[in-house]
Structure formats: C-alpha cells, structure tokens
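So the chains spell out like this:
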Amino acid sequence: MLQIDRIHAGYGPIEVLKDVSLEVHEGEIVTLIGSNGAGKTTTLMCVSGLNRVRSGRIVFDGHDLQDVSADRIVHRGLAQVPEGRKIFPRLSVRENLEMGAFIRNDRDGIEEDMGRAFALFPVLKQRQTQLGGTLSGGEQQMLAIARALMSRPKMLLMDEPSMGIAPLLVVKIFDAVRELNREGMTVLLVEQNACLALKLAHRGYVLETGEIVLSDAGSALLTHPRVREAYLGEV
Amino acid sequence: MSTTEVLLQQLITGLSNGMIIALIALGYTMVYGIIELINFAHGDLFMLGGFLALTIVGMLGLDATTGNATTFVAVGGLVAISAIFCGSLNWTIDRLAYKPLRRAPKLAPLVSAIGVSFVLMNIGLFWGGLPMDVFSDGVAAAAPKDFPALASNKNLLGEASDIRFTVKELMVLVITVPLMIGLTMYVKYTRTGKAMRAVAQNPIAAQLMGIDVNRVIGTTFIIGGALGGAASVIYSLYNNTIHFQMGYRAGMDAFTAAVLGGIGSLPGAMLGGLLIGLVRAMSDQYIEARWTNAVVFTILILILIFRPSGLLGARLREKV
Ligand SMILES: Nc1ncnc2c1ncn2[C@@H]1O[C@H](COP(=O)(O)OP(=O)(O)OP(=O)(O)O)[C@@H](O)[C@H]1O
Ligand SMILES: [Mg+2]
C-alpha cells in the first residue's frame, strides 16, 4: 500500500534520511523504531508531504506522491497522528474532530464516525465541549488519534503515540490500534517504546542515523541481539 | 448643555467612531491571527475603498439632495462594492507580496507590507488627481476631498434635544453591528471559519487534516479586506471628507485597537475599537484634542504592561 523507495531528505545542509526504503502492505501494522534523532519523524513528514524528499520515491496506493501537496495527500486516504499530538488548543474537542473530517461532506457519515470515536475513547465524549488545550496529555493523544480517523483514512501514520503517557494508557492506546487494524486499518507506527511496538506490529524496521539497518518480522526483531541491546535495554 | 448631556454626547460620538475603528481592526487581527503578519497596508486599503466610493458617488451624481429611497439603496450598494473591491485587492496583495514570503523570516513580509502601504497611498494620490467633479477636476490631488452628506445630520432625538443622535450615527450602527455579528457567526460555525481558527492555531496540523492552508489564508484576506472596504464607506459618510493619507491615521487607531483587545482575537478587536473610540472622544472633551494621541498610547502601554497579550488575547498555551 505504501512504498518508500530510496528516499533522501534533510533540512538545509543537513542530510537526515540517507537512502531509506520501506514498505507497508495493506492490512499490516509496520513499526519503525530508532533512537532520538534517527529520522523517524522526518520519514513520516515526507510521506505526509510536509517535508519534500530530495531524491527517491514515495508511492501510496499506486500513486506517486511526488507532486501532491500535503492537504491533497489526506484526500488520498493517508492520515497522520503527529508527534506531540498537535491538537488545536482553542478548538473544542468536537471541533477538533470536525477538523479531522474536513475533507468530507457527508454529514451523516461524519456524525456516525464521531459516535465511533466516542465509543473508542469514551472520555472524549464527556469532554466534547471542552477546549482541546485543556485536556491532559493522554486525553490529547486519544483526541489526536480519533481526529486522524475522522477522515476515514485507508492508512494511519502514527508518530510516538506513547510519548509522555502513563503505561496503563499506553496499553489502552495500543489495544485501540490493534482493534483498528483488525477492522482493516493499515498502520505505520513510529515508536521509541520498541518492546510494545514490536509486539504489536507484524513487521518492523530499525532506523539508525537516517539508514535502515534491520528489518524483519516483529517477533524476530524482538529477539534480535542488536535490537535487544540497543532498544530493549538488555545486554 | 448639562455635564451629563456632554458625557452622553461624547459616548455617542466615541462609540460611533469606535465601531468604525473596530471594523478596520478586525482586518488587522484576522491577518495577524492567521499568519502573524502586521499588515501595514490595511489602513491604505481602507483609504482606497473610500476613493472608490467617492468615484461612484460622483459618477452617479449622488449628493445630499438625493431622495431617501435612492440614498438608502446607494449606500447599501457602495458598502457592497467597496467591500468586494477591497476584499479582492487584499487577496491579490497577499498573492503578490506576502505569499512568496511565507517561509521567509517574519521581518520580510513586514517590510513588504510597509512597501505595499506606500504603493497604495500613491495610488490614492493619483486617484485623487483624476479629472472628475468629486475630485475638483484633479487640481490639488493631495487635498482632502469632500464626500457628499448622503447620510444627513438630522437629529433623530428631535431638533429640540441637546444630545444629538443623527441619521449618520444610526447608519454606523445599522451597518457595523450586523457585520460584526455575521463575522462572529461565520468564524464560529462555518466549516471555513473553523478551518481559519485551525490554521491560526496550528498550520501543520491543519494541513494534516487536509486543509489547504493557502486557500484559507486567502479567504482571511478577502474577509478582512471586505470589512475594511465596508468601513471605508461608513467612515466617508460619517466624516464627509476623505484624504489619501487617511489610511495612516485610521490604520494606526485600528492597529492599536487590535493590540489593546489582544491581537488575533476577534472580540478583542471589537472591544479594542470601541475603547479607542471612547477614549479619544473623552480625551478630546475632557483633556484636549492635541493630547489625545498621547492619552491613547499611555493607556495602551499601561494595559500591555499588566496584560501583555491584550484584554482578550489568548492566554491558553499549547501543551507540548
Ligand atoms: N526543522 C528542522 N530543522 C533542522 N533540523 C531538523 C529539523 N527537524 C529535525 N531536524 C534534525 O533531523 C534529525 C532527525 O530528526 P527527526 O525528528 O526526524 O528524528 P526522530 O527520529 O523523530 O527523533 P525523536 O525520536 O527524538 O522524535 C535530527 O538530528 C534533528 O535535529
Ligand atoms: Mg520524532
């Protein structure tokens, strides 16, 4: 469904991604793990069109995203839950969700999906009229996920949904991702919490300073010595 | 006239001027809210709206003797035409002078805006030199131009009353209040209005929602410009004179109002406009007109010291 083919990208003179290739098939959860500054966020931003690749190709659903603007990419069915959540702080929870559905015009469908979002994260229903910026970090993360789903994407990009969130809630969020996937959602999950991510994902890639150094099934990576040493804190 | 009556009169005058200032202030605050640019050209855009209105008035041969019904329709038409003109011009200015600088340091579009301000002012100077009756056949292009009193000075409280609330003041109210309510509803309830707020609060996230940020910014310029255009007609009818440099003065008041109310906040711009209008009227009356600018800015500085984000400015910060 998503093919990233030998992309190079960076900021100014800094080259951050050096020849990164990865692939996500329809119905899969794929995780991209790596330490701080490896280039995970940069990779997702390239896919979402907010960062332009210098060379290489990104193909989504059979179409090259080269000349597609960031907002049009969402229309193609690719939604992102960005790093740091990026909730609209002075929009209510409901309005945040409405913005998630910005590309759609089917009122009934939107209302239905709003109900689905509230079923997935009931706390959002209680907080509907509250401003996004007044939610707790964990609630904001749930809102960010729900908001991304409101566009009815074919594929979800998630950037460190566990960041700064209590372990219990992380489990809840990962359960939600698993559930979404069971219903058919394709997911590319960026994580620093390698253990959880690799348990959840079908396959995983390891990014180190802008290069993919390993890729394998999630379970295989979990037992890989290099991963155990560098990302699971075991010697 | 008793002291109470004097006070009431200044309230009426101050609020009327304040409503006009508020309408212009909305244009500053909307653009600032969405791209953090102080659009210095906004006041001059407003000025051109007045010149367009006077040109049309001249071509149609309207003046104080024109019948009520015709005048009523004409004023409505002038407001609409000036609003469309200033809205489209503002959109064009954004495309040509600001949009190419979206990723540049903040100072670049600011300097660009100052440049546009001068260009518009020169267009006004040229416009005032056109060979038309209303521009005194183009002699003394830089001189103030009389704007016919289409809205009369008739006192609606009866000619016996010392307090004057005239047709002009009524006109200001009847035009500005619905515009402000309309704008508030638009931004609060419509899809584009919500998208405007989303872009203002987080443009990256807005793009991740599939919002075409440049389009939303363009719409903001159109609406802000249109309000300035409407304000220009009201201003011209209220003051009965226009001048190619009037955008500087009015723009300064409006910009100050926007900062006072909390730049980026729509209710803030409205409140700020009314307050500036009131303070000016009170200072003119109770201190002395020549001190008014100093009074206004002293109050502004004091308020900003205690409330740096303005009276109604956003105080809620994003959690990262
Ligand atoms: N806007 C920017 N300008 C310049 N350099 C940047 C910018 N954004 C990121 N970088 C640099 O690019 C590199 C990769 O950053 P990126 O955010 O993609 O890493 P990451 O893998 O997501 O890290 P983390 O796990 O900390 O989120 C880092 O060295 C970072 O300093
Ligand atoms: Mg990151």
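Here, every reference points to the structure presented above.
Reading the values: the criteria
Chains are numbered independently. Their residues run from 1 in the order of the written sequence. Labels follow written order: the first chain is A, the first ligand is 1, and so on. Where totals are concerned, whole chains, interfaces and linings use all residues; where local detail is concerned, this predicted model gives features only for residues with pLDDT of at least 70, and gives and counts side-chain atom pairs only at 80 or more. With hydrogens and water stripped out, all remaining heavy atoms of the structure feed into the side-chain values. Comment: elements are numbered from the N terminus, with helices defined as DSSP H or I runs of at least four residues and strands as E runs of at least two. Only the C-alpha atoms count toward the radius of gyration. The rule for a globule is 2.2 Å times the residue count to the power 0.38. Burial classification: accessible surface area is computed with a 1.4 Å probe over protein chains only, and a residue below 20% of its type maximum counts as buried, one above 50% as exposed, and the rest as partly exposed. Between two residues, a contact is recorded if the distance between any of their heavy atoms is within 4.5 Å. Defined here as a combined quantity, buried area equals the accessible surface (1.4 Å probe) lost by two parts on assembly, summed across both. Salt bridge, as used here, is a side-chain nitrogen of Lys or Arg placed within 4 Å of a carboxyl oxygen of Asp or Glu. Think of a polar contact as two N or O atoms within 3.5 Å of one another; within protein, one of them needs to be a possible hydrogen donor and the other a possible acceptor, and neighboring residues in sequence only count if both atoms come from side chains. Of the grid points, spaced at 1 Å and generated over the protein atoms alone, those admitting a 1.4 Å probe that cannot get out make up cavities, while open sets with protein on both sides within 12 Å along at least five of seven lines make up pockets; any residue with an atom within 4 Å of a point is treated as lining. Grid points are joined across faces, edges and corners, and a volume is the space filled by probe spheres set on the points. For this scheme, ten residues count as nonpolar: Ala, Val, Leu, Ile, Met, Phe, Trp, Tyr, Cys and Pro. Four count as charged, namely Asp, Glu, Lys and Arg, and the remainder, Gly too, count as polar. The donor set covers N, O and S atoms within 2.8 Å of the metal, switching to 3.2 Å for Na, K and Ca, and it leaves out water, so a site may look short of donors. A cutoff of 4 Å decides nearness: a residue is near a molecule or strand if any of its heavy atoms lies inside that distance of it. Where accessible areas are quoted, they stem from the Shrake-Rupley method and a 1.4 Å probe; at the residue level, only the protein chains shown are allowed to cover.

Student: Please clarify how the overall build of chain A should be interpreted in this entry.
Tutor: Each helix and strand counted, chain A has 10 helices and 10 strands in total. Against the compact-globule benchmark of 18 Å for 235 residues, chain A has a radius of gyration of 17 Å, which places it among compact chains. Counting only C-alpha atoms, chain A reaches 45 × 40 × 35 Å along its principal axes. The proportion of buried residues among the 235 residues of chain A is 57%. Within chain A, counting contacts between residues at least 6 apart in sequence, those at least 24 apart form 67% of the total.

Student: Whenever I open this one, the interface of chain B and chain A confuses me. Can you help?
Tutor: Often the size quoted for an interface is simply the accessible area lost on bringing the parts together. With 22 residues of chain B at the contact, the number on the chain A side is 30 residues. Together, the buried faces of chain B and chain A total about 2500 Å²; carbon and sulfur atoms form 63% of this surface. For chain B, the biggest contributors to the area lost against chain A are Gln201(B), Leu208(B) and Met209(B); these three give 28% of the whole. In this structure, Glu95(A) engages Arg197(B) in a salt bridge whose closest nitrogen and oxygen atoms are separated by 3.0 Å. Inspection of the chain B/chain A interface yields five residue pairs in polar contact (both at pLDDT 80 or more).

Student: Any chance you could explain empty space enclosed by the protein here in plain terms?
Tutor: Unfilled space is identified by rolling a water-sized probe across the atoms. All told, the structure shown has two cavities of 30 Å³ or more when counted by the stated rule. The calculated volume of the largest cavity comes to roughly 100 Å³. Around the largest cavity, the lining residues are Cys46(A), Gly49(A), Asn51(A), Arg52(A), Val53(A), Gly56(A), Arg57(A), Ile58(A), Asp64(A), Leu65(A) and Gln66(A). Considering each element in turn, the lining of the largest cavity owes the most residues, three residues, to strand 4 (residues 55-60) of chain A. Of the residues assigned to the lining of the largest cavity, the class counts are four nonpolar, four polar and three charged. Reported here for the second largest cavity is a volume of approximately 30 Å³. Taken together, Ser48(A), Ala70(A), Ile73(A), Val74(A), Leu78(A), Ala79(A), Gln80(A) and Leu208(B) make up the full set of residues lining the second largest cavity.

Student: How should the coordination of the magnesium ion (ligand 2) be read in this particular structure?
Tutor: Tetrahedral coordination by four donors places them ideally at 109.5 degrees to one another around the metal; octahedral coordination by six donors ideally gives 90 or 180 degrees. Residue and element names in this part refer to chain A. Every protein donor of the magnesium ion (ligand 2) is accounted for by Thr41 (OG1), Glu83 (OE) and Glu83 (OE), and the metal-donor separations fall at 1.9 to 2.8 Å. Placement of threonine 41 in helix 1 (residues 40-47) and of glutamate 83 in the loop between strand 6 (78-81) and helix 3 (93-100) is noted, with a sequence separation of 42 residues between them. The exposure class assigned to glutamate 83 is partly exposed, which follows from its relative accessible area of 27%.

Student: Quick question: what am I supposed to make of the site of ligand 1 here?
Tutor: Residues and elements named next belong to chain A. Taken together, 13 residues are adjacent to ligand 1, and Asn36, Lys40, Thr41, Thr42 and Glu83 come closest. One nitrogen or oxygen atom from the side chain of glutamate 160 is found 2.9 Å from an oxygen atom belonging to ligand 1. The side chain of glutamine 192 places a nitrogen or oxygen atom 2.8 Å from an oxygen atom of ligand 1. Relative to its free-state accessible area of 640 Å², ligand 1 is covered by the protein chains to the extent of 61%. Of the residues in the shell around ligand 1, the class split is three nonpolar, seven polar and three charged.

Student: I keep staring at the side chain of Thr42(A) and nothing clicks. Help me out?
Tutor: Residue and element names in this part refer to chain A. Of note, threonine 42 is situated in helix 1. Looking at threonine 42, the relative accessible area reads 6%, which means it is buried. Side-chain polar atoms of threonine 42 contact the side chain of tyrosine 11, separated by 3.0 Å. When neighbours within four sequence positions are excluded, threonine 42 is seen to be in contact with Tyr11, Val16, Leu17 and Asn51.

Student: When you look at the pattern of salt bridges in this model, what are you seeing that I'm missing?
Tutor: Opposite charge on two side chains allows them to pair when their charged atoms are near. For the structure shown, the criterion picks out 22 salt bridges over all chains. With a closest N to O distance of 3.0 Å, Arg116(A) and Glu112(A) form a salt bridge. Placement of the pair is Arg116(A) and Glu112(A) together in helix 4 (residues 107-120), with a separation of four residues, close to one helical turn. Here Asp94(B) ties to Arg102(B) by a salt bridge, and the two come within 2.9 Å at their closest N and O atoms. Classification of Asp94(B) by relative accessible area gives buried; the value is 0%. The class of Arg102(B) is partly exposed, set by a relative accessible area of 27%. Among the charged side chains, a network of salt bridges with common partners joins Arg104(A), Asp106(A), Glu112(A), Asp113(A), Arg116(A) and Arg152(A).

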